[in-house]
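Results of the structural survey
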Amino acid sequence: MNPDQKYPQRNGNLTIDNLAQAVFIVNRHAKTATNPKFLYKLKQESLKKLIDEGKAKKVGLHFSENPRNSQQQSDVLVECGRYTFHIPPTKLDFHQLPHLGKLDNHIRNPKAVLSLNAAKAILQSYTGISEEGPPPSNQRKNQRTYQKPIFKKLGERYS
């Protein structure tokens, strides 16, 4: 991306900086999305492919800021261009990567100016993953149609 260019190019020119910036935007929006599953999957698959191609590297393990059901949980720190990300570790990661301890809150990723739709388009073209239709959680299952109440006079039976 040129310094005078605000947005990365959408044509086949997928540089490491463009991809890292797109992953950053998707990750930032996934944290507040109502249905973040697809965005996290897109981030995970993009980083996995970048690591496999040698465009990103696993640096080490960090203690997770918000562990789920345990006292401690570790995440893998991945470096891609000028950006760093966390992904869930595999069993091999615990044996191969050094543990870096606690996350340093002073290290920040650079700002990125890119819309979520543009970032998703870049990563979808890179990974080949496509978003399924609208999530089923928006539609109520076994939805009953409204039935008007029937009022009987006092003493009449409902049949």
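Quick caveat: nothing in here was measured; it's all calculated off a predicted structure.

1. Overview of the nonpolar core
- Membership of the largest hydrophobic core comes to 30 residues, with the highest contact counts inside it found for Leu 47, Leu 50, Phe 85, Leu 114 and Leu 123.
- No other element matches helix 1 (residues 16-30), which puts 8 residues into this core.
- Those residues within four positions of Leu 123 in sequence are excluded, and the remaining contacts are Leu 19, Ala 22, Val 23, Val 26, Leu 42, Ser 46 and Gly 128.

2. With respect to helix 1
- Here helix 1 spans 21 Å end to end across 15 residues, near enough to the 21 Å set by a 1.5 Å rise per residue.
- Among the 15 residues that make up helix 1, 11 are buried, leaving the element largely enclosed by the rest of the structure.
- Taken as a whole, helix 1 has its buried residues at Asn 18, Leu 19, Ala 20, Gln 21, Ala 22, Val 23, Phe 24, Ile 25, Val 26, Asn 27 and Ala 30.
- Elements in contact with the buried residues of helix 1: helix 2 (37-52), strand 2 (74-80), strand 3 (83-87) and helix 4 (116-127).

3. A look at the pattern of salt bridges
- Following the criterion strictly, the structure yields 3 salt bridges and no others.
- With a closest N to O distance of 3.0 Å, Asp 93 and Lys 58 form a salt bridge. Placement of the pair is Asp 93 in helix 3 (residues 91-96) and Lys 58 in strand 1 (residues 57-63), with a sequence separation of 35 residues.

4. Some points on the sheet that holds strand 2
- Across the sheet, 3 strands lie side by side as 1-2-3; this open sheet has antiparallel pairing. The open sheet is flanked by strand 1 and strand 3, the only strands paired with a single partner. Looking at each pair of strands side by side, their axes are set apart by 30° on average, direction ignored.
- Bridge count for strand 1 against strand 2 is 6 bridges, and the pairing is antiparallel. Opposite Phe 63, over in strand 2, you have Ser 74 as the bridge partner.
- Of the strands in this sheet, strand 2 and strand 3 touch helix 1, which is tilted by about 50° from strand 3.
- Along the sheet, helix 2 contacts strand 1, strand 2 and strand 3; its crossing angle with strand 3, the most-contacted strand, is approximately 115°.

5. Some thoughts on the pairing of strand 3
- The alternating pattern of strand 3 places Tyr 83, Phe 85 and Ile 87 on a buried face, while none of Thr 84 and His 86, on the opposite face, is buried.
- Following strand 2, the chain reverses through 2 residues before pairing antiparallel with strand 3; Gly 81 in that reversal takes a positive phi of roughly 65°.

6. Side note on the confidence of the model for the protein chain
- Looking at the protein chain as a whole, its pLDDT mean stands at 80, while 81% of the residues score no less than 70.
- This model gives residues 1-11 a pLDDT under 50, and the stretch forms 14 contacts once residues within four places in sequence are excluded.

7. What about the packing of helix 2 against helix 4?
- Remark: helix 2 packs on helix 4, axes separated minimally by 10 Å, with the N-to-C direction vectors making an angle of 50°. Of the possible angle classes, the one that applies to helix 2 and helix 4 is oblique. Of the two elements, helix 2 crosses helix 4, and the hand of that crossing is left-handed. Residue-level inspection shows Phe 38, Leu 39, Leu 42, Glu 45, Ser 46, Lys 49 and Leu 50 of helix 2 in contact with helix 4, the latter providing Leu 116, Lys 120, Leu 123, Gln 124, Tyr 126 and Thr 127.

Reading guide: rules and limits
- Residues numbered from 1 in each chain as written.
- Predicted model: local features only at pLDDT ≥ 70, side-chain atom pairs only at ≥ 80, totals over all residues.
- Heavy atoms only, no water.
- Core = buried A, V, L, I, M, F, W, Y, C linked by side-chain atoms within 4.5 Å.
- Buried < 20%, exposed > 50% of the residue type's maximum accessible area, 1.4 Å probe, protein only.
- Helix = DSSP H or I, 4+ residues; strand = E, 2+ residues; numbered from the N terminus.
- Contact = heavy atoms within 4.5 Å.
- Expected span 1.5 Å × (residues − 1).
- Salt bridge = Lys/Arg side-chain N within 4 Å of Asp/Glu carboxyl O.
- Pairing = 2+ DSSP bridges.
- Axes fitted to C-alpha atoms, helices over the stretch in contact; angles between N-to-C directions.
- pLDDT = per-residue confidence, 0-100.
- Parallel < 35°, antiparallel > 145°, perpendicular 65-115°, else oblique.
- Left-handed = near helix turned anticlockwise from the far one by under 90°.

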